[in-house]
Amino acid sequence: MLAGSLEKDGVFCTDLTQEIRESAKSDRRGTVVLTDSAPRGKELARMGIVYFGCSHIGKSDFENSDSSWFDGAALVLESFEEVDARYLEEWMLRAQGRPAVIAKTDCLEIREMAEQDRPDLVRIGRGNPGSAFTAADVDVDGFSQERFSSYINTAYRLQGFGLWSVLYQGRVIGCCGFAPWDGAADGVASENAGQKKEDNGHMAAAAAPVTYMLCLQTSKMNHSKIALELQYMLDGAYQRQGFGSRMCRMALEYARDRLDAEEIYLRIRPDNQASIALAKKLHFMEVI
């Protein structure tokens, strides 16, 4: 059934015969193997082929076997029921160190950050001090090369989401994405949040961020609500042209359809009128 579903999405599916195994060696970047055999998975990992393991949780042979651990797997699932072509592609790219595309239109693309994006993101952050992000105050300028590399190499694999680069006609114009919501209605995301720098360079008290919330209608019934915080930054040259609302809507659709998120939060400083207007445009409601 899975093979039939994937083939409808244009994915060629076949059993892993010796002939296919040899072919996979020459096309590692475009091949993914699904297996419930841990030893076979280890063999694939040694060959440099991306594979997904199926653990079959609950089966005694899995629980009692030392060979059941899927070393080198891109992901280990309890079943392949939730797998589709897009899911396979995203995790294959992550396993290969390539950025996965989150959403795309004719001219706008949201994809996972890549090393080459850092100079543009730092430049944009420096050019939009204080109001570039929502009140979460994500410090792009503080991303050292080491921190940036660590983030893009771990965040997407561990969470399946994070901050993504936004590109217009191939040029990085900002970023947009999510962080896990910490549950604090008036929380502070950095040690400098809730403060602002005066002309003399000293830090002065600023109004606390206001929290906004949006409820999404997902297609699945979750036992526990998945809550995320929306964060974004946009180059000043592209502001007030509809790019902010477009990239946020694309991210929100992904959160609803791919992450099954039910609650999205925003933290915005009261003086950030542009972000407040955007929140209302996206139908966020202020949390009382």
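Located above this text is the structure these notes cover.
Quick caveat, the model's predicted, so the values are computed rather than measured.

### What to know about the pattern of salt bridges
Applying the stated criterion across every chain, the model contains 15 salt bridges. In this structure, E90 engages R94 in a salt bridge whose closest nitrogen and oxygen atoms are separated by 3.7 Å. With E90 and R94 both in helix α5 (residues 85-95) and four residues apart, this pair spans about one turn of that helix. Accessibility assignment for this pair places E90 and R94 in one class, buried. Within this structure, R86, E90, R94 and E112 form a network of salt bridges that share partners.

### Brief notes about the nonpolar core
Counting 47 residues, the largest nonpolar core has W164, F178, L230, M247, I264 and F284 as the members making the most contacts within it. Considering each element in turn, this core owes the most residues, eight residues, to helix α8 (residues 243-257). One finds C54, L75, F80 and A85 within the second-largest nonpolar core, a separate group that totals ten residues.

### Thoughts on the sheet that holds strand β3 (residues 75-77)
Read from one edge of the open sheet, three strands run β1-β2-β3, paired in parallel fashion. The strands lining the two open edges of the sheet, one partner per strand, are β1 (32-35) and β3. The average angle at which neighbouring strand axes cross in this sheet is 20°, direction not considered. Looking at chain direction, β1 and strand β2 (residues 50-54) are connected through four bridges and run parallel. Counted as the bridge partner of V33 is Y51 from β2. Running over the sheet, α5 touches β1, β2 and β3 and is turned about 120° from β2.

Definitions and limits used
- Residues numbered from 1 in each chain as written.
- Predicted model: local features only at pLDDT ≥ 70, side-chain atom pairs only at ≥ 80, totals over all residues.
- Heavy atoms only, no water.
- Salt bridge = Lys/Arg side-chain N within 4 Å of Asp/Glu carboxyl O.
- Helix = DSSP H or I, 4+ residues; strand = E, 2+ residues; numbered from the N terminus.
- Buried < 20%, exposed > 50% of the residue type's maximum accessible area, 1.4 Å probe, protein only.
- Core = buried A, V, L, I, M, F, W, Y, C linked by side-chain atoms within 4.5 Å.
- Pairing = 2+ DSSP bridges.
- Axes fitted to C-alpha atoms, helices over the stretch in contact; angles between N-to-C directions.
- Contact = heavy atoms within 4.5 Å.

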